[in-house]
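The primary structure of each chain is shown beneath.
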Amino acid sequence: MDTTTTNKAETLGMTLREAVGNKALLQQLEGNTNTVFILSDGLKENIKSVQREVPGLELRYKPLSLYHAQLLELCNDLGIGITCCNEELLEQAEKIDWKREVLIGNEYASNTFIRKAYAAGCTNFTVCNAGNIDNILDAIGEVDVQFTLQVDDAISADELGRYPVTGLLLEGELETPQDVAERGELLQRVLEQQPAVTNVTLGSIRKFEKVEQLKEALVSLQKTLPPGCTLTVNLDQDILESSLFIVTRILAKNGQSYTVDMSMYEELLCYLDEDHDISVITDSPVTGTVLGKTGDEEDVICIGAVGEHEVGEWLLLENIALVDCRELPIFTVDMDLRLRLTEYQSAAREIKERQLEASVRKRRKTLITVTV
């Protein structure tokens, strides 16, 4: 991976963790709002770096709970596909001018969901066996769709011979070059029986740093694929989670209990386990509680090391991916820690708005033109 980009991303992450003391950032927040949902620009830079390091590698994002419309727009702009496993995510993707591949997952593939996905223009469905294919065709009829077969060690090439698939999918995390090599061998056996396959998904990565370790193995595997067949890697939700933060102002203090404004979140989704505890970014060991009213009740936002603060100061919260923020604007923080006080807007949306403005100007000009 590009060392310069990596260092920048690491520096940004370190600086964000000191953001509560950064006067330039706080001055931008003053008078704007009590709580801001922000996305680090480091995410975009790291994705672009992966695409440079392994040319031709396709990326796909499989959201579990994190599918804010603006994040999907970012994926769309960067050429990333998505795996869609529920109707809510499908609705979010439909809100934007989605141009990338949508692979329909099979975890919760009810007939209603399958029909809605097909009506929305999705034609690539994940299947595990011939029975899945029959169910899909029963739901939407004998139409022209594609199937991506989820492969594991228990499936032999002989079994796969009768499946009309154009894609192969392996689940699980890629951690070492050996993982890439072993999965490549399995895929090669399957490809011998599946000449129509045009894409193989090798697994997922949870950290961008892994790409540097896997780069040579991925490039080598690309060279073994049939002509016209592309290689895809899934981006784990953890990659996006690590780039999302909330900056919130302290409105009241009672001992080591701090009250903040969380009224913009109708529901605060936070499973109290080590992976998804919302926490305050601080170097202080001082413990306390952060409270915030969400909807009609006051919730405990986090308990633990929160530091020593006064009313009016700002807290930086991480591990927030399960916060229900899908209808809120996302602001971005650039490499110089400048907060962009406009929500992320995709290139496609900007073009549409400029075209609309031009159309309105042309219409106004027509209306005021008088023929004598």
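Quick notes on the rules
- The numbering scheme is per chain: residues are counted from 1 as the chain's sequence reads.
- pLDDT decides what is reported in this predicted model: residues at 70 or higher carry local features, side-chain atom pairs at 80 or more are listed and counted, and totals for whole chains, interfaces and linings draw on all residues regardless.
- Side-chain numbers come from the whole structure's heavy atoms, not from hydrogens or water.
- To qualify as a helix, a DSSP run of H or I must reach at least 4 residues; to qualify as a strand, a run of E must reach at least 2; elements of each kind are numbered from the N terminus.
- Per-residue accessibility, obtained with a 1.4 Å probe over protein chains only, is compared with the maximum for each type, and a residue is labelled buried under 20%, exposed over 50%, and partly exposed between these values.
- Residue contacts are defined here by distance: any two heavy atoms, one from each residue, within 4.5 Å place the two residues in contact.
- Only the protein chains shown count as cover for residues, and all accessible areas are computed by the Shrake-Rupley method using a 1.4 Å probe.
- Two strands are counted as paired when DSSP detects at least two bridges linking them.
- Here the axes come from fitting lines to C-alpha atoms, over the contacting stretch only for helices, and the angles between their N-to-C directions go from 0 to 180 degrees.
- Throughout this description, any angle smaller than 35 degrees is read as roughly parallel, any larger than 145 degrees as roughly antiparallel, any in the 65 to 115 degree range as roughly perpendicular, and the remainder as oblique.
- By the definition used in this description, the sense in which the near helix is turned from the far one sets the handedness, with an anticlockwise turn below a right angle giving left-handed and a clockwise turn giving right-handed.
- Charged residues are taken to be Asp, Glu, Lys and Arg, nonpolar residues to be Ala, Val, Leu, Ile, Met, Phe, Trp, Tyr, Cys and Pro, and polar residues to be all remaining types, Gly included.
- Put simply, buried Ala, Val, Leu, Ile, Met, Phe, Trp, Tyr and Cys residues joined by side-chain atoms within 4.5 Å make one nonpolar core.
- Working note: the arc is built from the helix axis to C-beta atom directions.
- For every residue, the predictor states its confidence as a pLDDT score lying anywhere from 0 to 100.
- Each polar contact in these results corresponds to two N or O atoms within 3.5 Å; when the atoms are within protein, one needs to be able to donate a hydrogen and the other to accept it, and residues that are neighboring in sequence are counted only if both atoms are side-chain atoms.

**Regarding the overall build of the protein chain**
Secondary structure summary: the protein chain contains twelve helices and 17 strands in total. Here the protein chain holds 372 residues, and 46% of them are scored as buried. Considering only contacts in the protein chain between residues 6 or more positions apart, those separated by 24 or more positions represent 65%. Of the roughly 18800 Å² of accessible surface on the protein chain, a fraction of 48% belongs to carbon and sulfur atoms.

**Brief notes about the pairing of strand S15 (residues 314-318)**
Burial analysis of S15 places five of its five residues in the buried class, which makes it a mostly covered element. Burial along S15 is two-sided: Trp 314, Leu 316 and Glu 318 facing one way and Leu 315 and Leu 317 facing the other are all buried. Note: strand S12 (residues 279-280) against S15, two bridges, orientation antiparallel. Bridge pairing in S15 links Val 280 to Leu 317.

**Points about the sheet that holds strand S7 (residues 167-169)**
Spatially, the eight strands close up into a barrel ordered S2-S3-S4-S5-S6-S7-S8-S9, and their pairing is parallel. Direction aside, the axes of adjacent strands within the sheet are offset by 30° on average. In this sheet, strand S9 (residues 230-235) lies alongside strand S8 (residues 199-205) in parallel orientation, the contact comprising five bridges. Among the inter-strand pairings, Val 200 is bridged to a residue of S9, identified as Leu 231.

**Things to note about the packing of helix H9 (residues 177-193) against helix H10 (residues 209-224)**
H10 packs onto H9 with a crossing angle of 15° between their chain directions and a minimal axis gap of 8 Å. One way to sum up the angle between H9 and H10 is to call them roughly parallel. The crossing of H9 and H10 is right-handed. Residues Pro 177, Val 180, Gly 184 and Gln 188 of H9 pack against Gln 213, Leu 214, Ala 217, Leu 218, Leu 221 and Thr 224 of H10. For the contact of H9 with H10, the residue count by class is six nonpolar, four polar and no charged.

**What about the nonpolar core?**
Counting residues in hydrophobic clusters, the biggest one holds 85 residues, and the most contacted among them are Phe 125, Phe 147, Leu 168, Val 200, Leu 202, Leu 218 and Leu 317. Counting eight residues, the second-largest nonpolar core is a separate cluster that includes Val 36, Ile 38, Ile 281 and Leu 316.

**Quick notes on the pairing of strand S2 (residues 58-61)**
The pairing of S2 with S9 spans four bridges and is classified as parallel. Looking across to S9, one finds that Tyr 61 is bridged to Leu 235. One ladder, built from two bridges, connects S2 with strand S3 (residues 81-84); its direction is parallel. Counted as the bridge partner of Arg 60 is Gly 81 from S3.

**Focus: helix H6 (residues 111-119)**
Along H6, the positions that sit buried rather than exposed are Phe 113, Ile 114 and Ala 117. The buried residues of H6 occupy an angular sector of 100° when the element is viewed end-on, so they sit on one face. Against the buried residues of H6 lie S3, helix H5 (87-95), strand S4 (102-104), strand S5 (124-127) and helix H7 (130-140). Note on H6: the residue one or two positions beyond its end, Gly 121, has a positive phi of about 100°.

**Section: the confidence of the model for the protein chain**
Should the pLDDT be low somewhere, the predicted coordinates at that spot are not to be read in detail. Scored by pLDDT, the protein chain has a mean of 77; 72% of the residues are at 70 or more. Taking the mean pLDDT of every element in the protein chain, the minimum, 38, falls on helix H1 (residues 3-16) and the maximum, 94, on S9. The low-confidence segment residues 364-372, where pLDDT is below 50, has zero contacts with residues more than four positions distant or belonging to other chains.

**Topic: H5**
Side chains of residues three or four places apart in an α-helix project in the same direction, reflecting 3.6 residues per turn. Restricting attention to buried positions, one finds in H5 the residues Leu 89, Leu 90, Gln 92 and Ala 93. Along the long axis of H5, the arc covered by the buried residues comes to 160°, so they all point the same way. Here the buried face of H5 lies against helix H4 (69-77), S3 and H6. For H5, the capping residue at the N-terminal end is Asn 86, with a side-chain oxygen 3.1 Å from the backbone nitrogen of Glu 88.

**Focus: the environment of Lys 293**
Within the fold, Lys 293 resides in strand S13 (residues 287-294). Accessibility expressed as a relative area gives 49% for Lys 293, which makes it partly exposed. C-alpha of Lys 293 to C-alpha of Met 262: the two residues are 31 residues apart in sequence and 5.5 Å apart in space. Every residue in contact with Lys 293, bar those within four places of it in the chain, is listed here: Val 260, Met 262, Ser 263 and Glu 298.

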